[in-house]
Amino acid sequence: MSTEDRVLNNIYKPSLSNVLSPVTLQHMAREWLKEDTPNFDYGGFVVGEKEETALLLIKSPGVLAGKPFFEAIFKELDCVVSWEYDEGEFLEPIQCVAKVTGKVRQLLLGERVALNCLSRASGIASLARQLAKIKERVGWKGEIAGTRKTTPGFRLVEKYALMVGSVSTHRHDLSSMIMLKDNHIWTSGSITQAVKDAKIVGGFSLKVEVECRSVDEALEAAEAGSDIIMLDNFSSEALPDAATKIKSSYPNVLIEASGGITEATIEKYLIPGVDVVSLSRLTQGYDVVDFSLKIQKAGVDPRNLPVK
């Protein structure tokens, strides 16, 4: 970080956590805790309410993401979290990421729920960061994005983790943008009719995107007034010519490439004429980052190393 950046950060410290509503965080934390302990806390009876401090350890490399959700869970349990690292930092194992202090029963009530959130969010952010680095390396000016293929009830965590990993979230839900896919087109009768109807209800404030399987379909969608054209399952060989033909007639329309793209093949899709490349793998095919939470005990190594 440059000296100028350090000075600016001391004046203004923007935080991604500010996009999250405190009310929503509280609601999600309460629902997760209720799901994990719907009635008796038998383990809590065993350990009691002595105050303890637990160490949050990272046990595999990755980008730290999900701190607001981790904190919200322990806040509901009257525990205090003290972080050693910032959101978005890449960390190597094994080291202490944070300390959580509170009644031992409460620490253990939040342990697995909080770790599940943190490990999954960090896994998504780690893969997203990997793809963002590829984009930076090749000098592509478009946006890499996730999709709506998220986990029911967990979408907010996953979309937030994409932000931490420096890629776009894509639309958050069905109400965020109008995307017309093949089923919409077939039912309405034509691309032109589907776009016309969508604009009646979407008005000026919602963009319309149309999923297309050919250049002819894309040109019809653009002519009908679609803001974004998704070229679905176009090979990396077919994509450049298709994007050029569409942009030559409709230079202001955005082109998204999607379908079957992975971290191994994405570089072939980061080409001129393509504005967005989206991958479902960002929320469906990532490796989690391994974390553990260990209560401090004198003379005991909290790393829980393998037994040999």
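Located above this text is the structure these notes cover.
The text that follows walks through the structure, step by step, so that each part is easy to find. Every chain begins its residue count from 1, and numbering advances along the sequence as written. Where local features are concerned, this predicted model is filtered to residues with pLDDT of at least 70; where side-chain atom pairs are given and counted, the filter is 80 or more; whole-chain, interface and lining totals use all residues. Values shown for side chains rest on all heavy atoms present in the structure; no hydrogens or waters enter the calculation.

Here's the deal with the overall build of the protein chain
Argument step 1. Secondary structure elements follow DSSP: runs of H or I no shorter than four residues count as helices, runs of E no shorter than two count as strands, and numbering proceeds from the N terminus. Scanning the protein chain from terminus to terminus reveals 11 helices and 12 strands.
Argument step 2. Residue exposure (1.4 Å probe, protein chains only): buried if accessible area is under 20% of the type maximum, exposed if over 50%, otherwise partly exposed. Across the 308 residues of the protein chain, 43% fall into the buried class.
Argument step 3. Two residues qualify as a contact provided that any one of their heavy atoms is within 4.5 Å of a heavy atom in the partner residue. Sequence separation of 24 or more characterises 70% of the internal contacts of the protein chain that already satisfy a separation of 6 or more.
Argument step 4. Here the protein chain displays about 16,700 Å² of accessible surface, and carbon together with sulfur accounts for 51% of that area.
Argument step 5. In summary, the charge assignment counts Lys and Arg as positive and Asp and Glu as negative, without counting His or the chain termini. Each charge is placed at NZ for Lys, CZ for Arg, CG for Asp and CD for Glu. Mean positive and mean negative side-chain charge positions of the protein chain (36 and 41 charges, respectively) differ by 4 Å. Per-residue accessibility takes into account occlusion by the displayed protein chains alone, with areas from the Shrake-Rupley method and a 1.4 Å probe.

So, the environment of Thr37
Argument step 1. With respect to the helices, strands and loops of the structure, Thr37 is situated in the loop between α2 (22-36) and α3 (42-47).
Argument step 2. Using a relative accessible area of 24% as the deciding quantity, one classes Thr37 as partly exposed.
Argument step 3. Taking the C-alpha atoms as reference, Thr37 lies 7.7 Å from Leu109; in sequence the two are 72 residues apart.

Describing a nonpolar patch on the surface
Argument step 1. Like-charged residues within 9 Å of one another, or nonpolar side chains (Val, Leu, Ile, Met, Phe, Trp, Tyr) within 5 Å, are grouped into patches, provided each residue has over 30% relative accessible area and no salt bridge. Between Lys or Arg on one side and Asp or Glu on the other, a salt bridge is scored when a side-chain nitrogen of the former is within 4 Å of a carboxyl oxygen of the latter. A cluster of nonpolar side chains, namely Phe45, Val46, Val47, Leu108 and Ile295, defines an oily patch on the protein surface of about 500 Å² accessible area.
Argument step 2. Within the secondary structure, Phe45 is located in helix α3.

As for the packing of α2 against helix α5 (residues 104-138)
Argument step 1. Close contact between α2 and α5 brings their axes to 10 Å; oriented N to C, the two are set at 120 degrees. Relative to α5, the element α2 lies oblique. For the pair α2 and α5, the sense of crossing is right-handed. Across the interface between the two elements, Trp32, Leu33 and Asp36 of α2 pack against Leu109, Gly110, Val113 and Cys117 of α5.
Argument step 2. We call Asp, Glu, Lys and Arg charged. Ala, Val, Leu, Ile, Met, Phe, Trp, Tyr, Cys and Pro are nonpolar, and the rest, Gly among them, are polar. Its residues assigned to classes, the contact of α2 with α5 comprises five nonpolar, one polar and one charged. Here, axes are lines fitted to C-alpha atoms. For helices the fit covers the stretch in contact, and angles between N-to-C directions go from 0 to 180 degrees. For classification, angles of less than 35 degrees are called roughly parallel, those exceeding 145 degrees roughly antiparallel, those between 65 and 115 degrees roughly perpendicular, and all remaining angles oblique. Note: crossing handedness is left-handed where the near helix turns anticlockwise from the far helix by less than a right angle, and right-handed where it turns clockwise.

Any functional reading would require information that these geometric values do not contain.
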